[in-house]
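# Examining the three-dimensional arrangement
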Amino acid sequence: MSFERMSRRQLFWLLHIGGWSLFGVAMALSRLGRYPVDYMIATKFALAALGFVVSLPLHEFYKRWLGSHAGLLRMLAVTIVASYLVALVWSAAYNLADAAIASRMLGRRISVDNLTELFSESLYHAFTLLAWSVLYLVVKRQMELSAARERLVRAEALAADARLQALRFQLQPHFVFNTLNAISTLIVEQRTEDASRMVSRLSDFLRVTLEPGDAHEIPLHDELQLGERYLDIERVRFGDRLRVTMEVDASARAARVPTLLLQPLLENAVRHGVSRKIGGAAVTIAAHRDGSRLRI
């Protein structure tokens, strides 16, 4: 499982267990030669285990008191005070545990008779917990930034989907009404084959433009086919008044373009060009590659 796919809780426990395990190994290795190996392993892993336990309340404490908007001074003050207070507990617990381990494994008693001995090395332990705190807050902040970026990406994708769906449903009402009127006229004139062909093409066109889809980009070839479906419908209505020319290089057909890129342009060409001229007009679609660019 990659770090990106881990939940916050999973990543926390992975780093928490791994970090304190490495701490125990490092502490044991740092004292080898001065004491028996079994004693060093036992006492330093006891130190790491206690550090593991006492740092858990810090995790919950920081979650509550150091939100994502906490300032630097607040973070420093809270982490320093919290680290030292918890270090006192850690030091006392470890010194008592070390005394018991030494008595059992070394056959000698380590004195813990006063507060100075009970809380010895608490400053060193406070620095250790402060380092843990800084690492925890850095990782937490990075995960929050990563989550914010993911939310932004998802929001942009949803916005793009919404715009695409809106565009799919922005068929000009006059186009649909005019097409249906044309079909009605063809039926009255008993041009049943033309009417049937127009109904079939309108059905194909509406299915392609209105069906849901996730693709924001499609090959130019597919976009041209959609445009041809639309122009085929208009050809039945306008007859020879609508003249269509395609000048598309074969190498350009595989290029990817935004979905429904041509549709609004073709509708405007027919609406404002062909329909307003008694003799009709020509609609030309040209596309070719120009280096790394696609010109349409």
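Anyway, here's the lowdown on the structure attached to this text. Here the structure is a predicted model, which means the values were calculated and not measured.

Moving on: the pairing of strand E4 (residues 281–290). Put simply, side chains in a regular strand alternate between the two faces of the sheet. Direction of pairing for strand E2 (residues 242–248) relative to E4: parallel, over a ladder of 7 bridges. Residue pairing for E4: arginine 243 is matched across the bridge by alanine 282. Two elements, E4 and strand E5 (residues 293–295), share 3 bridges in a ladder whose sense is antiparallel. The partner of histidine 288 across the bridge, within E5, is arginine 295. Between the antiparallel neighbours E4 and E5 lie 2 residues, among them glycine 291 with a positive phi of about 70°.

Unfilled space is identified by rolling a water-sized probe across the atoms. As a volume, the largest pocket reaches approximately 570 Å³. In this structure, the largest pocket is lined by 19 residues; those nearest its centre are Phe12, Leu15, His16, Trp132 and Tyr136. Elements supplying a minimum of two residues to the lining of the largest pocket: helix H1 (8–30), helix H2 (37–65) and helix H5 (122–168). With 9 residues, H1 is the largest single contributor of residues to the lining of the largest pocket. Of the residues in the lining of the largest pocket, the class split is 11 nonpolar, 4 polar and 4 charged.

Taken N-terminus to C-terminus, the directions of H1 and H2 make an angle of 150°; their axes are 8 Å apart at the nearest point. By the angle between their directions, the pair H1 and H2 is classed as roughly antiparallel. Here H1 runs over H2; the crossing is right-handed. Contact with H1, carried on its side by Phe12, Trp13, His16, Ile17, Trp20, Ser21, Phe23, Gly24, Val25, Met27 and Ala28, involves Met40, Ile41, Lys44, Phe45, Leu47, Ala48, Gly51, Phe52, Ser55, Leu56 and His59 of H2 and no other residues of that element. Here the residues of the contact of H1 with H2 sort into 15 nonpolar, 6 polar and 1 charged.

This part takes up the nonpolar core. Residues Met198, Leu220, Tyr230, Leu231, Leu266 and Val274 are the most contacted members of the largest nonpolar core, which totals 29 residues. Among the secondary structure elements, those contributing two or more residues to this core are helix H6 (173–188), helix H7 (192–210), helix H8 (220–238), E2, helix H9 (263–274) and E4. With 8 residues, H8 is the largest single contributor of residues to this core. Filtering out sequence-adjacent residues up to four positions away, leucine 220 remains in contact with Val248, Ala252, Arg253, Ala255, Val257, Ala287, Leu294 and Ile296. Phe23, Ala48, Ala82 and Trp90 belong to the second-largest nonpolar core, a separate cluster that totals 21 residues.

Conventions used here
Residue numbers here run from 1 along each chain, matching the order of that chain's written sequence. The predicted nature of this model means local features are confined to residues of pLDDT at least 70 and side-chain atom pairs, given and counted, to a pLDDT of 80 or more, with totals for whole chains, interfaces and linings taken over all residues. With hydrogens and water stripped out, all remaining heavy atoms of the structure feed into the side-chain values. Here a strand pair is declared whenever DSSP counts at least two bridges between the two strands. Secondary structure counts use DSSP, requiring at least four H or I residues in a row for a helix and at least two E residues in a row for a strand, with both numbered from the N terminus. Here a cavity denotes a set of grid points, spaced 1 Å apart and computed over the protein atoms alone, in which a 1.4 Å probe fits but from which it cannot get out, and a pocket denotes an open set meeting protein on both sides within 12 Å along at least five of seven lines; residues with an atom within 4 Å of a point are reported as lining. Grid points are joined across faces, edges and corners, and a volume is the space filled by probe spheres set on the points. We call Asp, Glu, Lys and Arg charged. Ala, Val, Leu, Ile, Met, Phe, Trp, Tyr, Cys and Pro are nonpolar, and the rest, Gly among them, are polar. Only the contacting stretch of a helix is used when fitting its axis, a line to C-alpha atoms as for every element, and angles between N-to-C directions run 0 to 180 degrees. The scheme is simple: roughly parallel for angles under 35 degrees, roughly antiparallel for over 145, roughly perpendicular for 65 to 115, oblique for anything else. By convention the crossing between two helices is left-handed if the near helix lies anticlockwise of the far one by an angle smaller than a right angle, and right-handed if it lies clockwise. Between two residues, a contact is recorded if the distance between any of their heavy atoms is within 4.5 Å. Definition of nonpolar core: a set of buried residues of the types Ala, Val, Leu, Ile, Met, Phe, Trp, Tyr and Cys, connected through side-chain atoms within 4.5 Å. Note on exposure labels: buried denotes an accessible area under 20% of the residue type's maximum, exposed denotes more than 50%, and partly exposed covers the range between, all computed with a 1.4 Å probe on protein chains only.

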